Amino acid sequence: MCQINGITERGVRKMRDKWPSRFTFILASIGSAVGLGNAWRFPGLAAKHGGGAFLFAYIIAMVVIGMPLLMMELSIGRKMKAGSPVALKGLRKGGEYIGWASTANAFVIVTYYAAVFAWVILMALLSFKFASMTGTATGIEEAENLWANSINTTWGTSLFGQGSQIPLILLISLAIAWFAIYYCIKDGASSVSKVVKYTVFIPVILLVILAVRGFTMGNTGAAMKALFVPKFEAFKEPTIWVDAIGQAFYSLSIMMAIMIAYGSFLDDKSNIVEDVMIIAVSDFLTSVLSGIVLFTTMYGCGMTVDDMSASGISTAFLIYPMAIVQLTNVGWINAVFGFIFYLMLITLTIDSAFSIVEGISASISDKYGISKKKTTIGIILVAAVISLIYVTGSGVAWLDIVDNWTNQYNLLIVGVLECVLVGWFFKPKKVLREINKNTNKLKMPAFWFYAAVMVIAPLALLGLTIWNIYILIDKNDGLYGGYPLYANIAGWIITFLAFMSGFIIKLITKFNPRLRALAWHAEQNFKTWEQLDEEEAKAKEQDADMPVEIVEESVKADSVLADTAVKQDAVTEQEVVKPKTRNTKKAVSEKADK
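Here's what I pulled together on the structure shown here. (Residues numbered from 1 in each chain as written. Predicted model: local features only at pLDDT ≥ 70, side-chain atom pairs only at ≥ 80, totals over all residues. Heavy atoms only, no water.)

### Here we look at the overall build of the protein chain
So, step 1. A tally of regular secondary structure across the protein chain gives 25 helices and 2 strands.
So, step 2. For the protein chain, buried positions account for 55% of its 594 residues.
So, step 3. Within the protein chain, counting contacts between residues at least 6 apart in sequence, those at least 24 apart form 83% of the total.
So, step 4. Surface accessibility of the protein chain: about 26000 Å² in total, with carbon and sulfur atoms responsible for 65%. (Helix = DSSP H or I, 4+ residues; strand = E, 2+ residues; numbered from the N terminus. Buried < 20%, exposed > 50% of the residue type's maximum accessible area, 1.4 Å probe, protein only. Contact = heavy atoms within 4.5 Å. Areas by Shrake-Rupley, 256 points an atom, 1.4 Å probe, with all protein chains shown as cover.)

What follows is the structure, given as C-alpha cells:
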C-alpha cells in the first residue's frame, strides 16, 4: 500500500468530504435532477407532442443518452475525487477548459434560477388571494395576472423607468431564496444529507395530494387519454425528438458540473449503475406524476391541451392560477390548494438550486484548495448581486434571454465537447470499467456506452445546437423572441464568456501571486487518471502479498487517520492564524523595546 507522510493513499482519498450513505447520495441526486422542468416543462411538452407519443420519445432519449452520460459523469467524479475542471483535466490536460465552461454556464444559470425560486416563494406568500378571486366575474382574469402584476413586469428589456424597479416583497423573496440555498449547503455533503430527507419526499406527497384532487374533479378519462394515449402522427414532426432529447438532457442535471461534483463525494465501493437507474426512474416517475396533476386539473376545470403551454413560466404563473380559482366554489379551499402547489414548486426548486452552487463551489475549491464554506459564501454573494437584474421590471425578458443561450447553446455544446473528450481523446474503456466497478449482474453494456458517448450523444447534441441556430435564423430573422439586437448580442456574449472562462481564469491565476500560489499548492496532490490506475494496481499487488489480518488493520487505520485529518482540517486555519498573530505582536513589541 502506497504510504504518503504516514497515511496510505487509500486513507488520503477518504479525507475528501463524502456522502454519509448511499441513500443520501441517491436522494441528493434525485433532488438535483427533479426540478421545475419536471413540474412544468414536461407536462407542457407532453401536451404539445401528442401525450403518449412524447412519453415514448422521452423514454428513448433517457435510456439512450441521459443514463449513459449520467453514469459517465458520476464515474469521472468518483475516480478523480475533484470538481469538473480538475476532474476533466485528469483525463486530458485540455479537459480543464471544458470543465470551466460547464462551471461558468452553471454559475449564470443559478443567478436566474434563484429569481425563479423567488417568484415561486412570492406566489406561495400570495396564495391567500385566490380565496377572494373564487366565484367572481373577474376572478379568473385576476388569477392570470396575479404574478405579472406582483412582480411589476414590463415584459421588455429596457432597464430604465419601470424596468429598473424592484418590488419590495419580491426583493424579500429573493433574499429568502438565497438564504435557503446557503443554509442547505453551508456544511457541504453533511448539511445536504439533512435537507434532502425532507425536500425530496415533500414534493412527492404534495403532488399526490394535488393528483387526488385532480382525479375527483371529473373529466379524468379525457385527461388520462390526452396524457398517455399516443398520437402517432406526432412522430412525423422532428421537434418531438428535439424536445425529448433536450428534456432528458436538462432533467438529469448533466453537463452542469453538478454530477461530477456529486460523484466526487461517492465512496469507492458505490454501485453507479444501480444508483443511476434509481435516479433516472425516479426522475421519470416524478415527471409523469406532475403531468397527471396538470392534465387532470386543467381538464377538470374545462380546459384542454390547447390551453396548456410548453413554457414552464406560463404554465406555473399564468395558466395554473386560472385553474386554481376554479378547483372548487369555496375560496379558502382553493387558496390552500394554491399554497400546496407553490410549496411543491419550492421544494423542487431548492434542491436543484443548491446542487448547482455545490458543483460550482467544488470546481473552485478543488482548483485553489480554498475552504468549501468560504468558496460557497463568495459564490452566493456574487450570484445574489447579479440575480437582482432578474427581479426588476425587465427581469422576465432578461431571464428568458439568458435562459435561452445557457440552455439552448452553452449546455449542448458543453455536452458535445465532454462526449468528444471522453469518447475520442481519452479511453472510454477506462470510464466504462469505472462505471461497472462494484456491479454484480447488472452492468452497463460496452456497446451501449460506446455508442452513446462516442456517436449518438455528440451527434444528437450537435444536431440540437444546429437546429436551434436554424430556427433562430430562419424563423426569427436572427433575433430571439422578438427582443432587440442589443439583447441578443448580450446572449451571444454570455456564450462567448462561458467558453472563454477557462482561459480567463488561467490568465487571472498567472498574474495574481496569491491565486498562483494557491493553485500551485493544490496541484501538488493532483494525479491524472492514468497515475491513479498505476497507484491502485501497485496497492493491489502489495495487498495481495500481505496477510488478510494486516490488510484489515491497515484499512481501519486509514479510516481513523482520515477522520482525524478531516477534523484537523476544519480548525487548521484558526490554529495557523492565532500563533501568527501572537508572534507578530511579540515581534512588534520587541522591536519597540529596542
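Now that the structure is up, let's keep going.
### A word on the side chain of Asn488
So, step 1. Inspection of the secondary structure puts Asn488 in helix α22 (residues 485-511).
So, step 2. Judged by its relative accessible area of 3%, Asn488 falls in the buried class.
So, step 3. Excluding residues within four positions of it along the chain, Asn488 makes contact with Trp405, Gly478, Leu479, Tyr480 and Tyr483.

### Here we look at helix α15 (residues 272-300)
Residue pairs three or four apart in sequence face the same way in an α-helix, which turns once every 3.6 residues.
So, step 1. For α15, which comprises 29 residues, the first-to-last C-alpha distance of 42 Å matches the rise-based estimate of 42 Å (1.5 Å per residue) to within 8%.
So, step 2. Between a side-chain oxygen at the N-terminus of α15 and the backbone nitrogen of Val273 the separation is 3.4 Å; the capping residue is Asn271.
So, step 3. Gly302 lies just past α15 and shows a positive phi near 90 degrees. (Expected span 1.5 Å × (residues − 1). Polar contact = N/O pair within 3.5 Å; in protein donor to acceptor, adjacent residues only side chain to side chain.)

### Regarding the nonpolar core
So, step 1. Leu69, Phe295, Tyr342 and Phe354 are the most contacted members of the largest nonpolar core, which totals 184 residues.
So, step 2. Looking at which element gives the most residues to this core, the answer is helix α6 (residues 95-125), with 19 residues.
So, step 3. Here Phe295 is in contact with Pro43, Ala46, Ala47, Ala223, Ala226, Leu227, Val305 and Met308, once residues within four sequence places are set aside. (Core = buried A, V, L, I, M, F, W, Y, C linked by side-chain atoms within 4.5 Å.)

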